[in-house]
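The lines below spell out each chain.
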Amino acid sequence: MPTVSVGRDLLFEALGRTYTDEEFDELCFQFGIELDDITTEKAIQRKEKHLEEEGVEDDGETIYKIEVPANRYDLLCLEGLAQALRIFNGLDPIPTYKVANIGKESMLEMRVKTETSKIRPYVVCAVLRGVTFDEAKYNSFIELQDRLHQNICRRRTLVAIGTHDLDTIEGPFTYEALPPAEINFVPLKQTRNFRADELMEFYKSDLKLKKFLHIIENSPVYPVIYDCKRTVLSLPPIINGAHSAISLKTKNVFIECTATDLTKANIVLNTMVTMFSVYCERKFEVEPVKVTYPDGKSYVCPDLSIYNMNVPLSYITGIIGVKLPEDKVASLLHKMQLRAEKSVSEDKEVKFVVSVPPTRSDVLHPCDVAEDVAIAYGYNEIPKRKPASLNPLPLSQFSDLIRTEIAMTGYTEVLTWILCSKKEIFSMLNREEDNSAVTIADSRTSEFEVVRPSLMPGLLRTVGHNKDHPKPIKIFEVGDIVLLDDTKDVGAVNRRHLAALYCGANSGFELIHGLVDKIMEATGTNFVSPGNSTGYYIEKSEEPAFLQGRQANVIYGGKRIGTFGIVHPKVLKEYDIPDVCSFLELDMQSFL
């Protein structure tokens, strides 16, 4: 969830009233965002520099840190937040964004060269005319770019934004991809010319820009944007040129977004122009740019058209769980910037034609519309109700019953990792390594190389980490293991196992044996003579993890379902356990 920092006084000025911190916190909650922190600019600087509090009474402007949903790109700046909250409070109508009505022959043009397909094939552009910046608006404009770069742009790998003072450059523009030795320009905040390959070396010491160099530095060609006089506008996704840098005096802003993902590029461009077209001479109007590709096809951007979605009223109320009249639903949607017109289908079902504006790229499905209605209605206002009863799976129900039985005998339940190392399931258990375990491909750590084929490593590790605990230690676990199985589509199968471990001054072998009898009694299974498949019996076992002659297999229905015994001293030493232990493991699914 991204966090947006905005000045409290500027936000309240945009909202048209002041709030107490508690009132604004409540407004955020109602709108579905969260006031995460209240701080000051100086406090933020001290925290970044790890300085002590100075105890100064006047600590500067109060900053609100507001946590917003990750897919609400329109809320990543003060302008978007203020507009959304004013509409939510019923102070403003939903704005209508439009593209200036000019002919293609009069439009600025961006011509795309064939070579760009090798590295960054897409570009979209737009112009904001007659913009009036002050320091706060300018800073917000820059900050929105940074937040989009970190969020939807995925650190500029998918999209990179370039903004330019249009009065310092001339179209038509060209988007090219050239060898780095052929690109020369003065980058932003520098005073001398750099060749593109020299610039890569120069920025390797820059804390901010070095994070983006890997995107293009190993490519034989670099993307670059020129104007008609071969002035470099930008070297995306690294840096803009100093010649076209925007300032507080800029009146006409040219925005270009180069991308590897065209859908994301259009969302980013729409977000930039819709948020700041409010400062244009013609409010909410954006000048289009024609983008011409090497195949001769041309596209006009941005696309600020409204997307219509049909959503049944019954679908909305069914998801929310509250019966709402039609006019109430339409009103709630309006608060969330969605226009809704009622329509009636042939089967007389009431539906809404919901108009999704270009600022709401997060609305993709009717469930998103229902969610907005629920937010505007208020989650706290939805009456609580018990969900319909669900029958538990037999295995889950059986697992819970067994947990209760074992807990009542004095054992404490533990939960351990389902992933472990190869060493834990082989050499540490006194076993030879083989290919019997499900292996994790490209595991990030040696501790998590395989999926456990037994619960034994987890319980032994637990005791090893708690060896100073008062004795005896009696623990158990009911959990899944994974075994290879060629008959399954995925090549493996989950099995629900039960394991218990006793650690104390003596072996506790008779106690573990008694636990076996207790479990069998709880499942209604009788002890029978060997060879009888109507109940259970035990027979000699040869597991290397246990002491010879102090271990046994549990046979149920003619099949081996588990083993118990005294843990081998070599195994105890591997887990750094100084006391003797007895262990039991059973396959619980065998009882079902």
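Just so we're clear, the structure is a prediction, and the values are computed from it rather than from any experiment.

### Considering the side chain of D368
Stage number 1. Summarising the element assignment, D368 is placed in helix α10 (residues 366-377).
Stage number 2. This buried residue, D368, is left without a salt bridge; R360 holds the nearest opposite charge, at 7.4 Å.
Stage number 3. Excluding anything up to four places from it in sequence, D368 contacts D362 and V363.

### Observations regarding the packing of aromatic side chains
Stage number 1. Taken as a whole and judged by the stated rule, the model has 21 aromatic pairs.
Stage number 2. Judged by centre distance (5.3 Å) and plane angle (65°), the ring pair of F202 and Y203 falls under edge-to-face.
Stage number 3. On the basis of relative accessible area, Y203 is assigned to the buried category, the value being 2%.
Stage number 4. A ring pair is formed by Y293 and Y299, whose centres lie 5.9 Å apart and whose planes are at 75°; its orientation type is edge-to-face.
Stage number 5. The buried category is assigned to Y293, whose relative accessible area is 16%.

### Some details on the pattern of salt bridges
Stage number 1. The tally for this structure, following the rule as stated, stands at 32 salt bridges.
Stage number 2. Between K204 and E217 there is a salt bridge, with the nearest N and O atoms lying 3.9 Å from each other. With K204 in the loop between α6 (196-202) and β11 (222-226) and E217 in the loop between α6 and β11, the pair connects residues that are 13 residues apart, well separated along the chain.
Stage number 3. D587 is paired through a salt bridge with R495; the nearest N and O atoms lie 2.8 Å apart. Separated by 92 residues along the polypeptide, D587 in strand β28 (residues 580-587) and R495 in strand β24 (residues 492-504) bring together distant segments of the chain.
Stage number 4. Exposure remark for D587: the relative accessible area of 12% places this residue in the buried category.
Stage number 5. Each of R72, D74, R360, D362 and D372 takes part in salt bridges that share partners, so that together they form one network.

### Remarks on the environment of R147
Stage number 1. Along the polypeptide, R147 turns up in helix α5 (residues 135-150).
Stage number 2. Classification of R147 by relative accessible area gives buried; the value is 17%.
Stage number 3. Considered as a pair, R147 and S427 are 280 residues apart in the sequence and their alpha carbons are 50 Å apart.
Stage number 4. Sequence-distant contacts of R147, defined by excluding residues within four places in its chain, comprise V4, S5, L76 and C77.

### Things to note about unusual backbone geometry
Stage number 1. Cis rather than trans, the peptide bond between G171 and P172 has omega equal to 0°.
Stage number 2. Note that P172 resides in the loop between β7 (159-165) and β8 (173-178).
Stage number 3. P237 follows P236 through a cis peptide bond whose omega is 0°.
Stage number 4. Its location among the elements puts P237 in the loop between β12 (232-235) and β13 (239-240).

### Some thoughts on the side chain of R120
Stage number 1. In this structure, R120 sits in the loop between β5 (108-112) and β6 (122-128).
Stage number 2. Buried and unpaired, R120 has E256 as its nearest opposite-charge partner, separated by 8.0 Å.
Stage number 3. A polar atom in the side chain of R120 sits 3.2 Å from the side chain of T258.

### Quick notes on the packing of helix α9 (residues 326-335) against α10
Stage number 1. Taken N-terminus to C-terminus, the directions of α9 and α10 make an angle of 90°; their axes are 8 Å apart at the nearest point. In this view, α9 runs roughly perpendicular relative to α10, as classed from their interaxial angle. Residues K328, V329, L332, L333 and K335 of α9 lie in contact with α10, whose contacting residues are V369, V373, A376 and Y377.
Stage number 2. For the contact of α9 with α10, the class distribution of residues is seven nonpolar, no polar and two charged.

### Observations concerning the UniProt feature "domain: B5" (unreviewed entry) in the protein
Stage number 1. According to UniProt, the positions carrying the feature "domain: B5" (unreviewed entry) are residues 304-384.
Stage number 2. Annotated as residues 304-384, this span is 37% helix and 23% strand, and its ends, taken at the C-alpha atoms, are 40 Å apart.

### Thoughts on helix α2 (residues 21-31)
Stage number 1. Listed as buried for α2 are F24, L27, C28 and F31. Axial view of α2: buried residues confined to an arc of 100°, hence all on one face.
Stage number 2. Packing partners of the buried residues in α2 comprise α1 (8-15), β2 (34-40), β3 (62-67), α4 (78-88) and α10.
Stage number 3. Two residues or fewer past α2, G32 is found with a positive phi of approximately 95°.

Reading the values: the criteria
- Residues numbered from 1 in each chain as written.
- Predicted model: local features only at pLDDT ≥ 70, side-chain atom pairs only at ≥ 80, totals over all residues.
- Heavy atoms only, no water.
- Helix = DSSP H or I, 4+ residues; strand = E, 2+ residues; numbered from the N terminus.
- Buried < 20%, exposed > 50% of the residue type's maximum accessible area, 1.4 Å probe, protein only.
- Lys, Arg positive; Asp, Glu negative; His and termini not counted.
- Salt bridge = Lys/Arg side-chain N within 4 Å of Asp/Glu carboxyl O.
- Contact = heavy atoms within 4.5 Å.
- Phe/Tyr/Trp six-rings, centres within 6.5 Å; stacked < 30°, edge-to-face > 60°.
- Polar contact = N/O pair within 3.5 Å; in protein donor to acceptor, adjacent residues only side chain to side chain.
- Axes fitted to C-alpha atoms, helices over the stretch in contact; angles between N-to-C directions.
- Parallel < 35°, antiparallel > 145°, perpendicular 65-115°, else oblique.
- Nonpolar A, V, L, I, M, F, W, Y, C, P; charged D, E, K, R; others polar.
- UniProt positions renumbered as here; feature names shortened; annotations may be inferred.
- Arc of directions from axis to C-beta.

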